[in-house]
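One-letter residues, chain by chain:
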Amino acid sequence: MLQELEELKLNALRELDAINNLKELESWRVRYLGRKSELTRVLRSLATLPLAERKAVGAGANEVKAKLEDSLEQKEQVLRGVQLAASAEEGGIDITLPGHPFPTGRLHPITQTIYEICDIFTSMGFQVVEGPEVEWDYYNFEALNIPEEHPARDTMSTLWVDFETDSGERPMLLRTHTTSMQLRVMEKMPPPLRVVIPGRVYRYEASDATHTPMFHQIDGLAVGKGITMADLKGTLYEFARRFFGEDRKVRFRCDYFPFVEPGAEMAIECSVCGGKGCRLCGNTGWIEILGAGMTHPQVLQRAGLDPEVYSGFAFGMGIDRMPMLRYGIDDIRLFYSSDLRFLRQF
Ligand code: YSA
């Protein structure tokens, strides 16, 4: 029987050698290693053999089985490699060529600007906070001393969310500025606090070179004991120096916002015309970048803070115009045009 096994092995290996496709290989497997194969028959008949012979034949049969299984595996690997190369060739693919690199994504220039501005303020001890874009009229207007019929509402044409209360009021809107978060922050965080609030804001406005109906702002707020206008000015000058560079001229002057008293605005020299006057700066040579001021006592009171004890400064700026100023881009709409040739430059 051992002799038979040896012959079976030699025959099987000879046949295996001549096989050159996977289909034939499968028939070979069934023939030599399948349930009805000669080898399986030998293994099943072991029980009928005398003990001494059973041991020798059993060991021999297992050895042959292991050898055939091993050879089958090796042959299969060879044939699969050949098949892959053949099908690649048929499809005109040269698998020896180097692969195509995956195009890597990058952050949108506005996102990059938000990160950069936040980094500057966090290095000055501010914490980054975010809030809802769908907001209550109360936080966006009322709490900031802008009741209904207040003329300041006209400066921010509002997109109302179509939702009516029982009394017919429509108190929800898409926030028109990130200042809507100021009272929410004061209600939640006890002073001393220093936060910046970046995010999207919406206004019912037509697009032009410097306006889009959706844009980005970042507000800042610092509340504590003994905070003064000098802290506000120092913080904003430091920001302008770090974002726009040491040499850029800055203008700081009075302005009015209902939620601060006194109020101020900051402008920087126009980067497109260098202060001479052009389309971007409306021929003034200056571009206003932010509004600011000392938090109004009534706003502090609404948050439950005593204005005799606490004071605060606040500021808010449009983000989208920042990279315009820095790189001399004269149309804000380029940021939203999805033109990859433009966006890939940043
Ligand atoms: C003022 C004082 C504070 O203590 C805090 C915040 C503020 C800013 C105030 N909340 C506000 O929104 N003022 S603003 O209406 O003049 O807008 C601020 C900035 O947003 C503008 O200076 C401008 O840079 C940008 N902006 C306004 N409308 C825009 C726009 N950017 C792009 N598209 C628009 N449609």
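Structure first, text after, so check above.
Here goes a summary of the coordinates provided. Throughout, residues of each chain are indexed from 1 in the direction in which the sequence is written. Thresholds applied to this predicted model are a pLDDT of at least 70 for local features of residues and 80 or more for the giving and counting of side-chain atom pairs; totals over whole chains, interfaces and linings are not thresholded and use all residues. Excluding hydrogens and water, the side-chain figures rest on all heavy atoms present in the structure.

Some details on the side chain of R248
For step 1, the next point in the chain: What counts as a helix is a DSSP run of H or I of at least four residues, what counts as a strand is a run of E of at least two, and both are numbered from the N terminus. Note on placement: R248 falls in the loop between helix 8 (229–244) and strand 6 (250–255).
For step 2, the next point in the chain: The classification of residues rests on relative accessible area computed with a 1.4 Å probe and restricted to protein chains. Under 20% of the type maximum is buried, over 50% is exposed, and intermediate values are partly exposed. Neither His nor the chain ends is counted toward charge; the positive residues are Lys and Arg and the negative residues Asp and Glu. The term salt bridge refers to a side-chain nitrogen of Lys or Arg lying within 4 Å of a carboxyl oxygen of Asp or Glu. E269 provides the closest opposite charge to the buried, unpaired R248, separated from it by 5.0 Å.
For step 3, the next point in the chain: When sequence neighbours within four positions are dropped, the list of residues in contact with R248 reads I268, E269, S271 and L325. In this analysis, two residues are considered to be in contact whenever any of their non-hydrogen atoms come within 4.5 Å of each other.

Side note on the site of the ligand
For step 1, the next point in the chain: For this description, a residue counts as near a given molecule or strand if any of its non-hydrogen atoms is within 4 Å of it. What surrounds the ligand is a group of 23 residues, the closest being H177, T179, R203, E205 and T212.
For step 2, the next point in the chain: Distance and chemistry together define a polar contact, namely a pair of N or O atoms within 3.5 Å, with one atom able to donate a hydrogen and the other to accept it when in protein, and with adjacent residues in sequence counting only for side-chain atoms on both sides. Residue E205 places a side-chain N or O atom 2.6 Å away from a nitrogen atom belonging to the ligand.
For step 3, the next point in the chain: Measuring from an oxygen atom of the ligand, one finds a side-chain N or O atom of Q217 at 3.0 Å.
For step 4, the next point in the chain: Those elements giving two or more residues to the shell around the ligand turn out to be strand 5 (214–224), strand 8 (286–295) and strand 9 (311–318).
For step 5, the next point in the chain: Here the shell around the ligand takes 4 residues from strand 9, the largest share from any one element.
For step 6, the next point in the chain: Grouping the constituent residues of the shell around the ligand by class yields 9 nonpolar, 9 polar and 5 charged. Under the grouping applied here, Gly and all other residues not named as nonpolar or charged are polar, the nonpolar ones being Ala, Val, Leu, Ile, Met, Phe, Trp, Tyr, Cys and Pro and the charged ones Asp, Glu, Lys and Arg.

Thoughts on the environment of T40
For step 1, the next point in the chain: Secondary-structure assignment places T40 in helix 3 (residues 38–44).
For step 2, the next point in the chain: Residue classification places T40 among the buried residues on the basis of a relative accessible area of 16%.
For step 3, the next point in the chain: Considered as a pair, T40 and N62 are 22 residues apart in the sequence and their alpha carbons are 10.0 Å apart.
For step 4, the next point in the chain: Residue contacts for T40: discarding those within four places in its chain leaves L33, G34 and R35.
For step 5, the next point in the chain: In this structure the side chain of T40 is engaged in a polar contact, spanning 2.7 Å, whose partner is the backbone oxygen of G34.

Looking at the state of the cysteines
For step 1, the next point in the chain: Disulfides are defined as pairs of cysteine sulfur atoms found within 2.5 Å of each other. Tallied over the full model, the rule gives 0 disulfides.
For step 2, the next point in the chain: Note on C270: no disulfide assigned, nearest cysteine sulfur contributed by C273 at a separation of 3.6 Å.

As for the pairing of strand 4 (residues 193–202)
Regular strands place their side chains on alternate faces of the sheet.
For step 1, the next point in the chain: Within strand 4, 8 of the 10 residues are buried, leaving the element largely enclosed by the surrounding structure.
For step 2, the next point in the chain: Any two strands with at least two DSSP bridges between them are considered paired. As paired elements, strand 1 (residues 127–128) and strand 4 share 2 bridges and run parallel to each other. Bridge pairing in strand 4 places Q127 opposite V195.
For step 3, the next point in the chain: In the sheet, strand 4 pairs with strand 5 via 10 bridges, with the strands oriented antiparallel.

Some details on helix 2 (residues 22–33)
One turn of an α-helix holds 3.6 residues; hence residues three or four places apart share an orientation.
For step 1, the next point in the chain: Here a helix's expected span is defined as the number of its residues, less one, multiplied by 1.5 Å. Given a rise of 1.5 Å per residue, 12 residues ought to cover 16 Å, and the 16 Å separating the end C-alpha atoms of helix 2 matches this to within 8%.
For step 2, the next point in the chain: Regarding helix 2, the residues found buried are L25, W28, Y32 and L33. The buried residues of helix 2 occupy an angular sector of 85° when the element is viewed end-on, so they sit on one face.
For step 3, the next point in the chain: For helix 2, the N-terminal capping position is held by N21, with its side-chain oxygen 3.1 Å away from the main-chain nitrogen of K23. To obtain the arc, one takes the directions from the helix axis to the C-beta atoms.

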